[in-house]
Amino acid sequence: MQDMTLYKTQILITAILLVVILVLNSLSKRAIRRFGRTSAINMNNRKIIFYLSNLFFYGLAIVVITLIWGVNLQEFSVFISSILAIVGIGFVAQWSILSNLTASVILFFSHPLRLGDRIRVMDKDFDWTGKVEDISGFYLFMRTDDGRKISIPTNLVIQKGIEILQSDEEVNTIES
């Protein structure tokens, strides 16, 4: 009888946790969507942030649920650290993937760069000046002033730095 009460409590707490996680995930998506609209960010670029948000919330739910159901904390921490070590080794082997995804998130949230802006990538070897056409999870696509369409890895955009020569809003007001 004692075990049945314990299971009912664990099921109730798990159900409440799942509802809370779903609500937080929904609020997070709404905030990302609102931020993306006010910042004029393409829906395809927002999908990356939605994916990372889902990954965070569902990962958090799995960790808390395993703790609710009585998994030994020491064994669980060894399991999680082993998983993180394997993932870390995989990302070190493919560090450019992780750095490009991180740079895309930084460009999304805290950089004034937007689609349609005319920019210059500050590089001593190349003159990349043109209009931003798209920003994906890994690349910034731009059309240079001489008509070439180039793609630059987002981590290079963060590392090299950019100069915004004319924002999209300025272009729209000049054309009007």
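Before reading on, note that the structure itself is shown above.
Residues numbered from 1 in each chain as written. Predicted model: local features only at pLDDT ≥ 70, side-chain atom pairs only at ≥ 80, totals over all residues. Heavy atoms only, no water.

Mind laying out the overall build of the chain, listing which residues take part and the relevant values?
If you tally the helices and strands in the chain, you get 6 helices and 5 strands. For the chain, the α and β elements follow one another from N to C terminus as α-α-α-α-β-β-β-β-α-β-α. Within the chain, buried positions represent 29% of all 176 residues. A sequence separation of at least 24 residues applies to 53% of the contacts in the chain between residues at least 6 apart. When the accessible surface of the chain is summed, it comes to about 11,400 Å², and 66% of that surface belongs to carbon and sulfur atoms. (Helix = DSSP H or I, 4+ residues; strand = E, 2+ residues; numbered from the N terminus. Buried < 20%, exposed > 50% of the residue type's maximum accessible area, 1.4 Å probe, protein only. Contact = heavy atoms within 4.5 Å. Areas by Shrake-Rupley, 256 points an atom, 1.4 Å probe, with all protein chains shown as cover.)

Give me the lowdown on the sheet that holds strand S3 (residues 139-144), citing residues and values where you can.
As summarised here, the arrangement of the 5 strands in space is S4-S3-S2-S1-S5, forming an open sheet in which the pairing is antiparallel. Bordering the open sheet on either side are strand S4 (149-153) and strand S5 (162-166), each of which pairs with just one other strand. Strand-to-strand twist of the sheet, defined as the mean angle between neighbouring strand axes without regard to direction, takes the value 40°. Examined bridge by bridge, strand S1 (residues 118-122) and S5 share 4 bridges and lie antiparallel to one another. Considered in S5, the bridge of Arg120 is made with Glu163. (Pairing = 2+ DSSP bridges. Axes fitted to C-alpha atoms, helices over the stretch in contact; angles between N-to-C directions.)

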